[in-house]
Amino acid sequence: MASAEWSFGTICQRFLSVLGARMHYGHPDFLDGFWASNRGSLSKASPTINLSEDIFAGFNVRMRGEASKHVDTLAWEKGRESSFNAAALFYTKVSKGNVGVMRSRDLKILTQNMNVVDNFSFYFASVGFYFNNLLIDISATVYVFLFILLALCSKSLTDVASLDSMLATEWTLSMGTIAMFPRFMELTLEYGPLEGLLRFLPSIPGCMTMFTFINKSIASGLQETMVTGEASYIATGRPNANTHYSWKECYFIHCASHYYPALKVFISYYAYVLVSQAMGFSTLPMMVLLATSSMWLIAPVLFCPQPTLSSLSGDLNEFWQFAIAVPVWTDRFTVGLEQMKSTEELLRTGLRDPRSSLYEFWLLRALDHKRFSCFQRACFLLCETCCLVFLLAVMYSSLIDNYFLVVLLYGIHFVLMEVWRLLNRPTVITLLTTLMWLIVPVLTDVPMLDMLVLLTIAILALRVFRSLALLTAWLLLRPNLDWKQMPERSETERSAKQAAARTMHRYDMVVEYLYVNMMGHQLHLYAAVAILLINLVVQSILVLLDASYGLHSWALLNSRLRSRTCCQRRRGFEP
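It should be emphasised that the depicted structure is a prediction, and the values quoted were computed from it without experimental measurement.

Student: Explain helix H19 (residues 374-394) to me, using residue names and the numbers behind them.
Tutor: Between its first and last C-alpha, H19 extends 30 Å over 21 residues, near the 30 Å set by a 1.5 Å rise per residue. Looking at H19, one finds that the buried residues are Arg377, Leu381, Leu388 and Leu391. Taken down its axis, H19 places every buried residue within 90° of arc, on the same side. Residues of H19 that are exposed and point over 90 degrees away from its buried face: Phe375, Leu382, Val389 and Ala393.

Student: Requested: an account of empty space enclosed by the protein, with residues and values cited.
Tutor: One water molecule sets the probe size; rolling that probe over the atoms shows where empty space is left. Applying the stated criterion to the full structure yields three cavities of 30 Å³ or more. Roughly 70 Å³ of internal volume is contained in the second largest cavity. If you go around the second largest cavity, the residues you meet are Phe147, Leu150, Ala151, Lys155, Ser156, Leu157, Val160, Tyr272, Ser276, Phe281 and Ser282. Among the elements of the structure, helix H7 (127-152), helix H8 (157-161) and helix H13 (247-279) are those that each provide at least two residues to the lining of the second largest cavity. Sort the elements by how many residues they give to the lining of the second largest cavity and H7 lands first, with three residues. Residues that form the lining of the second largest cavity fall into these classes: seven nonpolar, three polar and one charged.

Student: Go over the UniProt feature "transmembrane region" (unreviewed entry) in the chain, please, and point to the residues and values.
Tutor: Here the UniProt-annotated "transmembrane region" (unreviewed entry) positions come out as residues 129-153, 251-272, 284-303, 378-397, 403-420, 427-446, 452-477 and 523-545. A distance of 30 Å separates the end C-alpha atoms of residues 284-303, which is 80% helix and 0% strand. Helix makes up 100% of residues 523-545 and strand makes up 0%, while its end C-alpha atoms are separated by 34 Å.

Student: Before we move on, could you go through the nonpolar core and cite the residues and values that matter?
Tutor: The nonpolar side chains of soluble globular proteins are, as a tendency, buried together. With 84 residues, the main nonpolar core has Tyr251, Tyr259 and Trp362 as its most contacted residues. Looking at this core element by element, the count peaks at nine residues for H13. The residues touching Tyr259, leaving out its near neighbours within four places in the chain, are Cys250, Tyr251, His254, Trp296, Leu297, Pro300 and Ile531. Ile148, Val275, Met286 and Leu391 belong to the second-largest nonpolar core, a separate cluster that totals 34 residues.

Student: Help me get a handle on the packing of H13 against helix H14 (residues 287-302), residues and values and all.
Tutor: Between H13 and H14, the least distance of the axes is 9 Å, while the angle of their chain directions is 160°. If you check the angle between H13 and H14, you find them roughly antiparallel. As for how H13 packs across H14, the hand of that crossing is left-handed. Residues Trp247, Cys250, His254, His258, Tyr259, Pro261, Ala262, Leu263, Val265, Phe266 and Tyr269 of H13 form the contact with H14, whose own contacting residues are Leu289, Leu290, Ser293, Ser294, Trp296, Leu297, Pro300 and Val301. Residues that form the contact of H13 with H14 fall into these classes: 15 nonpolar, four polar and no charged.

Student: Residue-level account of helix H5 (residues 105-112), with values.
Tutor: Looking at H5, one finds that the buried residues are Asp106, Leu107 and Leu110. Taken around the axis of H5, the buried residues stretch over an arc of 95°, which confines them to a single face. Opposite the buried face of H5, by more than 90 degrees, sit the exposed residues Arg105, Lys108 and Gln112. Where the residues of H5 are buried, they touch helix H3 (53-63), helix H4 (84-102), helix H6 (116-124) and H7.

Student: Lay out a nonpolar patch on the surface with the relevant residues and their values.
Tutor: There is a patch of nonpolar side chains on the surface, built from Val116, Phe120, Tyr123, Phe124, Phe131, Leu135, Met226, Val227 and Phe380 and spanning about 850 Å² of accessible area. Elements represented by at least two residues in the nonpolar patch include exactly H6, H7 and helix H12 (204-228). No other element matches H6, which puts four residues into the nonpolar patch. Mapped onto the secondary structure, Leu135 falls in helix H7.

Student: Go over unusual backbone geometry with me, naming the residues and quoting the values.
Tutor: Working note: non-glycine residues mostly have negative phi, and peptide bonds are mostly trans. You will see that Gln306, though not glycine, has its phi angle at about 55°, which is positive. Taking the relative accessible area as the measure of exposure, Gln306 reaches 6% and is therefore buried. Located in the positive-phi region is Arg478, a residue other than glycine, with phi close to 50°. Within the secondary structure layout, Arg478 lies in the loop between helix H22 (448-477) and helix H23 (491-517). Take Arg478: its relative accessible area is 56%, and that puts it in the exposed class.

Analysis parameters
- Residues numbered from 1 in each chain as written.
- Predicted model: local features only at pLDDT ≥ 70, side-chain atom pairs only at ≥ 80, totals over all residues.
- Heavy atoms only, no water.
- Helix = DSSP H or I, 4+ residues; strand = E, 2+ residues; numbered from the N terminus.
- Expected span 1.5 Å × (residues − 1).
- Buried < 20%, exposed > 50% of the residue type's maximum accessible area, 1.4 Å probe, protein only.
- Arc of directions from axis to C-beta.
- 1 Å grid on protein atoms, 1.4 Å probe; cavity = no way out; pocket = protein on both sides within 12 Å on 5 of 7 lines; lining within 4 Å.
- Points joined across faces, edges and corners; volume = space filled by probe spheres on them.
- Nonpolar A, V, L, I, M, F, W, Y, C, P; charged D, E, K, R; others polar.
- UniProt positions renumbered as here; feature names shortened; annotations may be inferred.
- Core = buried A, V, L, I, M, F, W, Y, C linked by side-chain atoms within 4.5 Å.
- Contact = heavy atoms within 4.5 Å.
- Axes fitted to C-alpha atoms, helices over the stretch in contact; angles between N-to-C directions.
- Parallel < 35°, antiparallel > 145°, perpendicular 65-115°, else oblique.
- Left-handed = near helix turned anticlockwise from the far one by under 90°.
- Patch = residues over 30% accessible without salt bridge, like charges linked within 9 Å, V, L, I, M, F, W, Y side chains within 5 Å.
- Areas by Shrake-Rupley, 256 points an atom, 1.4 Å probe, with all protein chains shown as cover.
- Salt bridge = Lys/Arg side-chain N within 4 Å of Asp/Glu carboxyl O.

In structure tokens form, the structure reads like this:
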């Protein structure tokens, strides 16, 4: 992260300044106040409108026909440490702010008043960089699904190669490698070719892992903001780079943006292998894609500083308690009506809250759909229905002959969830349903490919039913999202507000009921357990490396943290 900022703030800015194409970049505190007040000020620097106030300051300069010169200065006491999670959040914040840039009036004015050549360079130096990352990210998923469809169409790698298609060969270049070259050029300028190369070579593995992960942060942030239209400010903070952070923190930050997409890639590739084996075809290794997905999963723990046995035990216990804990719904519902609070306010989903749980964390995400309009919900329902219909259309009928087994398992799951709710949500029933879905398919003689197809169809069908049920409930109940702003000046107004609160809570009850009975919480629990096991394996290896003369801390941080003896007891640095 430090090397990327160093390269961007020096060689990149010098190069753009010489071309006359540099726009302002940096914190608005470093703008000249008199200059800014005479040029529209920084009125766009508002989190309710958009982020990236420095970018809009550069747009303002360009539209006024002025130039931003670059001057190398040394700011004393401007030190800043950054952890891996803070770096990923920073790039997520910047990419979300770039959606505001894409839809801004400033961008339209600039592109209408530049020639074709300048527009090309302006595109790839601004919104094009982020949009390109999104296209690459989407293409990775499409890449796997395309080979699944080819195998279902009885097309082998030999058939694809006979068409001289590049799909018959493995991808050989990762975008993480391209982001390293500005740093190599800066090292060459600062230290000379030989010393610059010697400093650059040891950093290649770390840079590839880091930037591969960062590119995914950019794509996920861009995609989320395009769908929701909201680019809220993310406080990255100033964390100490030597402080150990927990698995729970990694899950909170990266679960939707990195962990889940990586798991989907691995499951899709496994489906491709099963289909190819059933057809008697050889499979494409897809080594780069699988390595990239692996980096999405292990990079947060890999870059976590100073792992010890005590931190491993603490992370494991904290994350497991977070995954299996389930709150009592009746208490939350009663308190919500008494204190006139929304369900979202009563959910314990804070990172630092020891009572937070996986159940409430994803229930809050399930309630986020309330800000969408009925038209948007109908569009989502149509997309989910099309996906289900498409999957049913491309699958062989023989693959879904054993549908009765999945129907039976889901029926048992539905009954167990009703008992679970009746008995005040005991954890033992949650674990029982979790084991049931894992053990029963293994004990039967149903082929693994058939079971995987049936489970995928069942999950998509449940999602369609859930979206349809929520849309119907919304149209019938007509809850008022702004009920908390309703006046209470008289008893009549207070009664109307209480009625609106009850209606909103009834709709939230429907959301939570479908969240549990339509396999929503169950799937998140499976993913959390898989992530827990991956983190356990990776951090156990890192603990062994750190016990061996502190190799992990030495390679990640600096040589002063390296142990002098093997198996020396390490407690970790506490600032």
